[in-house]
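# Survey of secondary and tertiary structure
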Amino acid sequence: MKAVESWPDHLLTLAEWSAFPEEQRGRCRELVDGVLVLAPQPPRHQLAVWRLAAQLEPALPRRVAALARIELVIEQAHPATVRVPDVLVVGGEAGAAHATRVLPPDVLAAIEIVSPGSRRTDRVMKFAEYAQCGIEHYWLLDTEGSVRLSTHRLRDSRYEPTGEYSGQVTLELDGITLPLDLDALTALRTTA
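Residues numbered from 1 in each chain as written. Predicted model: local features only at pLDDT ≥ 70, side-chain atom pairs only at ≥ 80, totals over all residues. Heavy atoms only, no water.

Tracing the sequence through the fold places K126 in helix α5 (residues 119–132). Excluding residues within four positions of it along the chain, K126 makes contact with E30, R83, V84, E112, T121, A131 and Y138. (Helix = DSSP H or I, 4+ residues; strand = E, 2+ residues; numbered from the N terminus. Contact = heavy atoms within 4.5 Å.)

This part is about helix α3 (residues 43–56). Taking 1.5 Å per residue, 14 residues should reach 20 Å; α3 reaches 20 Å between its end C-alpha atoms and fits that length. Where α3 is concerned, the buried positions are H45, A48, V49, R51, L52, A53 and L56. Looking at the buried side of α3, the elements it contacts are β3 (65–68), β6 (87–90), β8 (107–114) and β13 (176–181). (Expected span 1.5 Å × (residues − 1). Buried < 20%, exposed > 50% of the residue type's maximum accessible area, 1.4 Å probe, protein only.)

The next thing to look at is unusual backbone geometry. Across the junction of H78 and P79, the peptide omega takes the value -5°, indicating a cis bond. Looking at where P79 falls in the secondary structure, it is placed in the loop between β4 (71–75) and β5 (81–83). Although it is not a glycine, R63 adopts a positive phi angle of roughly 75°. In this structure, R63 sits in the loop between α3 and β3.

Let us look at the pairing of β13. Burial along β13 is one-sided: the residues I176, L178 and L180 are buried and none of T177, P179 and D181 is. In the sheet, strand β12 (residues 168–173) pairs with β13 via 6 bridges, with the strands oriented antiparallel. Note that in β13 the partner of Q168 across the bridge is D181. Hairpin geometry of β12 and β13 is characterised by an intervening segment of 2 residues between the two adjacent antiparallel strands and by a positive phi of about 50° at D174. (Pairing = 2+ DSSP bridges.)

In this section: the side chain of T186. In this structure, T186 sits in the segment after β13. A polar contact of 3.4 Å, which involves the side chain of T186, links it to the side chain of R44. When sequence neighbours within four positions are dropped, the list of residues in contact with T186 reads R44, L47, A48, R51, T143 and V147. (Polar contact = N/O pair within 3.5 Å; in protein donor to acceptor, adjacent residues only side chain to side chain.)

Scanning all chains against the criterion turns up 13 salt bridges. The partner of K126 in a salt bridge is E112, with the nearest N and O atoms 3.0 Å apart. Here K126, found in helix α5, pairs with E112, found in strand β8; they are 14 residues apart in sequence, far enough to count as distant. The exposure class of K126 is buried, given its relative accessible area of 3%. In this structure, D174 and R153 form a salt bridge, with 3.7 Å as the shortest nitrogen-oxygen distance. (Salt bridge = Lys/Arg side-chain N within 4 Å of Asp/Glu carboxyl O.)

A separate point is the nonpolar core. Judged by nonpolar contacts, the single largest core of 26 residues is most densely connected at L56, V87, V89 and L182. Contributions of two or more residues to this core are made by α3, β3, β6, β8, β9 (137–142), β12 and β13. Tallying contributions element by element places α3 first for this core, with 5 residues. Sequence-distant contacts of L182, that is, excluding residues within four places in its chain, are made with L141, V147, L149, Y165, S166, G167 and V169. Counting 19 residues, the second-largest nonpolar core is a separate cluster that includes L67, V107, I135 and L140. (Core = buried A, V, L, I, M, F, W, Y, C linked by side-chain atoms within 4.5 Å.)

Turning our attention to the sheet that holds β9. The strand order across the open sheet formed by 6 strands is β3-β6-β8-β9-β10-β11, and the pairing between neighbours is mixed. Two strands lie at the open edges of the sheet, namely β3 and β11 (158–165), each paired on one side alone. Neighbour-to-neighbour, the strand axes of the sheet open up by a mean angle of 20°, direction not taken into account. With 4 bridges connecting them, β6 and β8 associate as antiparallel partners. Bridged to V89 within β8 is A109. (Axes fitted to C-alpha atoms, helices over the stretch in contact; angles between N-to-C directions.)

In this section: the packing of aromatic side chains. If you walk through the whole model with that rule in mind, you get 4 aromatic pairs. For the ring pair F127 and Y159, a centre distance of 5.3 Å and an interplane angle of 70° mean the geometry is edge-to-face. A residue pair is termed long-range when its members are at least 10 positions apart, and F127 in helix α5 and Y159 in strand β11 qualify at 32 residues. Ring centres 5.1 Å apart and planes at 90° place the aromatic pair Y130 and Y138 in the edge-to-face group. As far as burial versus exposure is concerned, Y130 and Y138 are alike and both buried. One aromatic cluster in this structure is built from F127, Y130, Y138 and Y159. (Phe/Tyr/Trp six-rings, centres within 6.5 Å; stacked < 30°, edge-to-face > 60°.)

The quantities given are spatial measurements derived from coordinates; they are silent on function.
Now the structure itself:
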């Protein structure tokens, strides 16, 4: 029988979250209004995360990076909120240093891969949180069935849809041309 780990009995501060050992923070996934949140990720989701970051990275200029699963501090005050988007495109010092924790001004785009367990969080909660903290681009990648990408841009403190994509596409992000093969994000490898 597995022992159940003890969970905090209060809303956590950012300092308390930061003091958690890395393996516990990785398992908890996110801190929302001081509450630890678990978010299981199926293998198809994980595959898409790493492949998307790998496709984005070579197209990005120096001091801009595509980073998978790094901490984004939404709210530093108590109770703190720390999200872990699937992929962030970050610039400035955060991009140059390949930071493990960033603030919203560092983020050029937040990308979430929607899965059955994250659909509402990605389409409602994070949609509102990322807009409120000023992240200019929010992309949602749906891998159920054929892979589809919907892009949004912040206008007047709200996200407006800017496109729906599938297959091979070339997107523009703040003057950066990004070629993507969306089908390759979840395609199984063929045997030789």
